[in-house]
Amino acid sequence: TKLASASWDKTVKIWNAVTGELILTLNGHSLFFVWSVNWSPDCTKLVSGGDGSGSEEDSRENPGEILVWDAATGVKLFELKGHSKRVTSVVWSPEGSQLASASYDQTAIVWDSISGQQVATLKGHTKALRGVAWMQKGDSD
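Residues numbered from 1 in each chain as written. Predicted model: local features only at pLDDT ≥ 70, side-chain atom pairs only at ≥ 80, totals over all residues. Heavy atoms only, no water.

A. Structural view of the nonpolar core. Listed in full, the 11 residues of the largest apolar core are A4, V12, I14, L24, L26, V34, V37, L46, L67, W69 and A71. The set of elements that each furnish at least two residues to this core consists of β2 (11-16), β3 (22-27), β4 (34-39) and β6 (64-70). Formed by 10 residues, the second largest nonpolar core is a distinct cluster that contains V68, V87, V90 and L99. (Core = buried A, V, L, I, M, F, W, Y, C linked by side-chain atoms within 4.5 Å. Buried < 20%, exposed > 50% of the residue type's maximum accessible area, 1.4 Å probe, protein only. Helix = DSSP H or I, 4+ residues; strand = E, 2+ residues; numbered from the N terminus.)

The structure is reproduced here in C-alpha coordinates:
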(Lines give C-alpha, C1' and ligand atoms only; values in the text may rest on other atoms or scores of the structure.)
Protein backbone atom coordinates (compact mmCIF):
# COMPACT_ATOMS: atom_id res chain seq x y z
CA THR A 1 0.00 0.00 0.00
CA LYS A 2 1.40 3.38 -1.05
CA LEU A 3 0.75 6.83 0.37
CA ALA A 4 1.55 10.19 -1.23
CA SER A 5 2.30 13.32 0.80
CA ALA A 6 2.57 16.99 -0.21
CA SER A 7 4.95 19.35 1.59
CA TRP A 8 6.03 22.93 2.03
CA ASP A 9 9.51 21.80 0.91
CA LYS A 10 8.30 21.82 -2.77
CA THR A 11 8.10 18.02 -2.96
CA VAL A 12 5.63 15.20 -3.22
CA LYS A 13 6.79 11.95 -1.66
CA ILE A 14 5.53 8.42 -2.22
CA TRP A 15 5.81 6.10 0.77
CA ASN A 16 5.25 2.45 1.60
CA ALA A 17 2.40 2.94 4.07
CA VAL A 18 3.13 -0.37 5.82
CA THR A 19 6.90 -0.12 6.34
CA GLY A 20 7.29 3.67 6.26
CA GLU A 21 9.96 3.37 3.56
CA LEU A 22 10.36 6.32 1.20
CA ILE A 23 9.84 5.03 -2.34
CA LEU A 24 10.13 8.16 -4.49
CA THR A 25 10.50 11.94 -4.22
CA LEU A 26 8.89 14.10 -6.92
CA ASN A 27 10.68 17.41 -7.45
CA GLY A 28 9.41 20.10 -9.78
CA HIS A 29 7.20 22.62 -7.99
CA SER A 30 8.46 26.18 -8.50
CA LEU A 31 8.32 28.03 -5.24
CA PHE A 32 7.72 26.12 -2.04
CA PHE A 33 4.25 25.15 -0.87
CA VAL A 34 2.63 22.03 -2.31
CA TRP A 35 -0.85 22.09 -0.77
CA SER A 36 -2.54 19.03 -2.22
CA VAL A 37 -1.83 15.67 -3.86
CA ASN A 38 -4.19 13.01 -5.21
CA TRP A 39 -3.87 9.60 -6.91
CA SER A 40 -5.55 8.83 -10.23
CA PRO A 41 -8.25 6.14 -9.93
CA ASP A 42 -5.96 3.58 -11.63
CA CYS A 43 -3.05 4.59 -9.34
CA THR A 44 -0.69 5.25 -12.27
CA LYS A 45 -0.55 9.03 -11.91
CA LEU A 46 -0.51 11.73 -9.25
CA VAL A 47 -1.69 15.31 -9.44
CA SER A 48 -0.27 17.95 -7.10
CA GLY A 49 -1.14 21.59 -6.61
CA GLY A 50 0.34 24.57 -4.84
CA ASP A 51 2.10 27.88 -5.29
CA GLY A 52 3.64 28.79 -8.60
CA SER A 53 6.64 31.01 -9.18
CA GLY A 54 6.60 34.57 -7.92
CA SER A 55 7.09 36.46 -4.69
CA GLU A 56 8.08 34.72 -1.49
CA GLU A 57 6.66 37.70 0.43
CA ASP A 58 3.05 36.56 0.00
CA SER A 59 2.90 33.29 -1.93
CA ARG A 60 -0.92 33.29 -1.78
CA GLU A 61 -0.83 35.88 -4.57
CA ASN A 62 1.41 33.81 -6.87
CA PRO A 63 -0.11 32.00 -9.85
CA GLY A 64 -1.26 28.51 -8.94
CA GLU A 65 0.69 25.49 -10.10
CA ILE A 66 -0.74 22.05 -10.91
CA LEU A 67 1.54 19.20 -11.98
CA VAL A 68 0.60 15.73 -13.23
CA TRP A 69 3.15 12.97 -12.57
CA ASP A 70 3.86 9.39 -13.57
CA ALA A 71 3.55 7.67 -10.17
CA ALA A 72 5.96 4.85 -11.05
CA THR A 73 8.85 6.96 -12.34
CA GLY A 74 8.26 10.40 -10.81
CA VAL A 75 8.46 12.02 -14.24
CA LYS A 76 6.43 15.22 -14.61
CA LEU A 77 3.97 14.56 -17.46
CA PHE A 78 2.47 18.04 -17.82
CA GLU A 79 1.40 21.23 -16.06
CA LEU A 80 -2.11 22.67 -15.90
CA LYS A 81 -2.22 26.47 -16.12
CA GLY A 82 -5.26 28.56 -15.36
CA HIS A 83 -5.37 29.66 -11.72
CA SER A 84 -4.13 33.17 -10.95
CA LYS A 85 -3.45 32.38 -7.26
CA ARG A 86 -2.45 29.48 -4.97
CA VAL A 87 -3.99 26.07 -5.69
CA THR A 88 -5.29 24.49 -2.47
CA SER A 89 -6.93 21.26 -3.65
CA VAL A 90 -6.64 18.87 -6.60
CA VAL A 91 -8.69 15.71 -7.24
CA TRP A 92 -9.33 13.17 -9.99
CA SER A 93 -12.86 12.38 -11.10
CA PRO A 94 -13.98 8.85 -10.13
CA GLU A 95 -13.58 7.54 -13.70
CA GLY A 96 -10.27 9.37 -14.20
CA SER A 97 -11.17 11.39 -17.29
CA GLN A 98 -11.14 14.75 -15.50
CA LEU A 99 -9.38 16.64 -12.74
CA ALA A 100 -10.70 19.44 -10.57
CA SER A 101 -8.79 22.13 -8.71
CA ALA A 102 -9.63 24.81 -6.15
CA SER A 103 -7.76 28.08 -5.70
CA TYR A 104 -7.36 31.28 -3.71
CA ASP A 105 -8.52 33.00 -6.93
CA GLN A 106 -12.11 32.06 -5.89
CA THR A 107 -12.55 29.55 -8.71
CA ALA A 108 -12.66 25.82 -9.25
CA ILE A 109 -11.49 24.53 -12.62
CA VAL A 110 -12.44 21.24 -14.28
CA TRP A 111 -9.70 19.86 -16.55
CA ASP A 112 -9.48 17.11 -19.15
CA SER A 113 -6.94 14.73 -17.58
CA ILE A 114 -5.56 13.55 -20.94
CA SER A 115 -5.18 16.80 -22.87
CA GLY A 116 -4.79 19.13 -19.89
CA GLN A 117 -7.34 21.51 -21.40
CA GLN A 118 -9.80 23.46 -19.24
CA VAL A 119 -13.33 22.06 -19.47
CA ALA A 120 -15.04 24.58 -17.18
CA THR A 121 -14.21 27.40 -14.78
CA LEU A 122 -16.63 27.55 -11.86
CA LYS A 123 -17.11 31.04 -10.44
CA GLY A 124 -19.38 32.27 -7.66
CA HIS A 125 -17.46 32.13 -4.40
CA THR A 126 -16.49 35.45 -2.84
CA LYS A 127 -13.48 34.16 -0.88
CA ALA A 128 -10.62 31.73 -1.46
CA LEU A 129 -11.51 28.07 -2.09
CA ARG A 130 -9.92 25.48 0.18
CA GLY A 131 -11.28 22.25 -1.29
CA VAL A 132 -13.11 20.54 -4.12
CA ALA A 133 -14.66 17.04 -4.29
CA TRP A 134 -16.36 14.90 -6.92
CA MET A 135 -19.61 13.07 -6.24
CA GLN A 136 -18.78 9.36 -6.04
CA LYS A 137 -20.49 6.67 -8.06
CA GLY A 138 -23.59 5.48 -6.26
CA ASP A 139 -24.25 8.90 -4.72
CA SER A 140 -27.62 10.37 -5.60
CA ASP A 141 -27.88 13.13 -8.18
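B. Here's a closer look at the pattern of salt bridges. All told, the structure shown has one salt bridge when counted by the stated rule. Two residues, R86 and D51, come together in a salt bridge whose shortest N-O distance is 2.7 Å. With R86 in the loop between β7 (76-80) and β8 (87-92) and D51 in strand β5 (residues 45-51), the pair connects residues that are 35 residues apart, well separated along the chain. In this structure, R86 and D51 share a single accessibility class: buried. (Salt bridge = Lys/Arg side-chain N within 4 Å of Asp/Glu carboxyl O.)

C. Structural detail: unusual backbone geometry. Even without a glycine there, the phi angle at C43 is positive, about 65 degrees. With respect to the element layout, C43 can be found in the loop between β4 and β5. At Q106, a position not held by glycine, the phi torsion is positive, near 75 degrees. Topologically, Q106 is positioned in the loop between β9 (98-103) and β10 (107-112).

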